[in-house]
Structure formats: C-alpha cells, structure tokens
Amino acid sequence: MEDAAIAAALDVFASTPATLRALLTTLPDEITSAPADESWSPRDVVAHLASLDPLTMVGRVRAIVEQDAPALPEIDEHQVLEQSGLRSLPLVEVLDRMTRQRAEALPWLRALTPVQLRRTGVHGAIGELSAAEIIHHKGWHDLLHIQQICRMLAIPLDAGSGAMRQYH
C-alpha cells in the first residue's frame, strides 16, 4: 500500500456493507423504501452502491493495472442501477450481494503495489486517473451515501419530534 489514506479508503469500502446492514435491516420496509433524495430511498442507495462496484472500482482499477493507459468509459449510474435489477430485490439480498462482491475484491485491491496504484487510465470526461485516485474516490463515495441514508432516515424521526424540534 502506498499510504494510510489508501488503506483507510479500502477499510471504508470493506466496512460499508456491515455498516448499512446494522443501520437498515432492523427497520421496517416502509422506512427503508420511502423515497427521499431525488426520489431515491435508502434501499435504492444501497442498490446504487452494489450496482457500481464491479464497474467503477474493480473494473476500472483492474483495467489500469492490467493495461497501459486504458480508456475508462463514462458510466451512466442511473442506467446501470436500472439495468441491474437490484432496486426490486429485498434489501438483505442487495446487502448480501454487496458483501460478497467486496469480500472477493478486497484481497486483490489490498495487494496492489505502490507502482500499480500510480498507474493511470484515461476517463472520457475527467482525463487521467490513477488507480489510487479511484480507490480514494470509492471510499469517499461510500461515506457520502452513508451520510445521505442517515439524512433520509432522520426525516420521519424529525417529523415526529414535536416540541423537541427546538433542539435540532
């Protein structure tokens, strides 16, 4: 590993499924399936994360490591999510899939050398990206969506806070 931030990003990537499982699986479906941000529900956000992993983390990093300056295609995240079919699956099944995908990918990602992490590909909209930058981004992306899910879950709790809302 090149630096502590790469290890931290991979630790976030590894822990996200368990974090989401602990946060969401005991809640009623009407809470986890309730649309909030941009008409997505917490369950939709989990499906979004799971649908992108093979393409944006493993797929892009593997291409960079195995090819010289590969083209990294732009990905329509909404289209990938819709085509994945994950939005229609029960939340536990989506979390199980995410857990398996990440458990399979992490040993390989953690074994990347500093030289491999510095290798680059060319993204159609962004330009040159290193494997390390993609890993950093995926850790950030997971945390962003965990935060989003927490905000979504807070909506019905806030609505029922009554006089306690003065402390928000």
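Scroll up to find the structure this text is about.
Nothing here was measured: the structure is a model prediction, and the numbers come from that model. (Residues numbered from 1 in each chain as written. Predicted model: local features only at pLDDT ≥ 70, side-chain atom pairs only at ≥ 80, totals over all residues. Heavy atoms only, no water.)

**Overview of the overall build of the protein**
Reasoning step 1: What the protein contains, in helices and strands, is seven helices and three strands.
Reasoning step 2: Seen in sequence order, the protein has helices and strands lined up from the N terminus as α-α-α-β-α-α-α-β-β-α.
Reasoning step 3: Summarising its shape, the C-alpha atoms of the protein cover approximately 60 × 35 × 30 Å along the three principal directions.
Reasoning step 4: The buried share among the 168 residues of the protein stands at 39%.
Reasoning step 5: Taking the intrachain contacts of the protein between residues at least 6 apart in sequence as the baseline, contacts between residues at least 24 apart amount to 77%.
Reasoning step 6: Accessible area for the protein stands at about 8,800 Å²; split by element, carbon and sulfur atoms hold 57% of it.
Reasoning step 7: Taking the 14 positively charged and 22 negatively charged side chains of the protein as two groups, their mean positions are separated by 3 Å. (Helix = DSSP H or I, 4+ residues; strand = E, 2+ residues; numbered from the N terminus. Buried < 20%, exposed > 50% of the residue type's maximum accessible area, 1.4 Å probe, protein only. Contact = heavy atoms within 4.5 Å. Areas by Shrake-Rupley, 256 points an atom, 1.4 Å probe, with all protein chains shown as cover. Lys, Arg positive; Asp, Glu negative; His and termini not counted. Charge placed at Lys NZ, Arg CZ, Asp CG, Glu CD.)

**Overview of the sheet that holds strand β2 (residues 120-123)**
Reasoning step 1: Pairing within the open sheet is mixed, and its three strands lie in the order β1-β2-β3. On the outer flanks of this sheet lie β1 (71-72) and β3 (127-130), each paired with one strand and no other.
Reasoning step 2: Bridge analysis of β2 against β3 gives four bridges, and the strand direction is antiparallel. Following the sheet pairing, glycine 121 is matched in β3 by leucine 129.
Reasoning step 3: Sitting on the sheet, helix α7 (residues 131-159) touches β1 and β3, and the angle it makes with β3 is about 80 degrees. (Pairing = 2+ DSSP bridges. Axes fitted to C-alpha atoms, helices over the stretch in contact; angles between N-to-C directions.)

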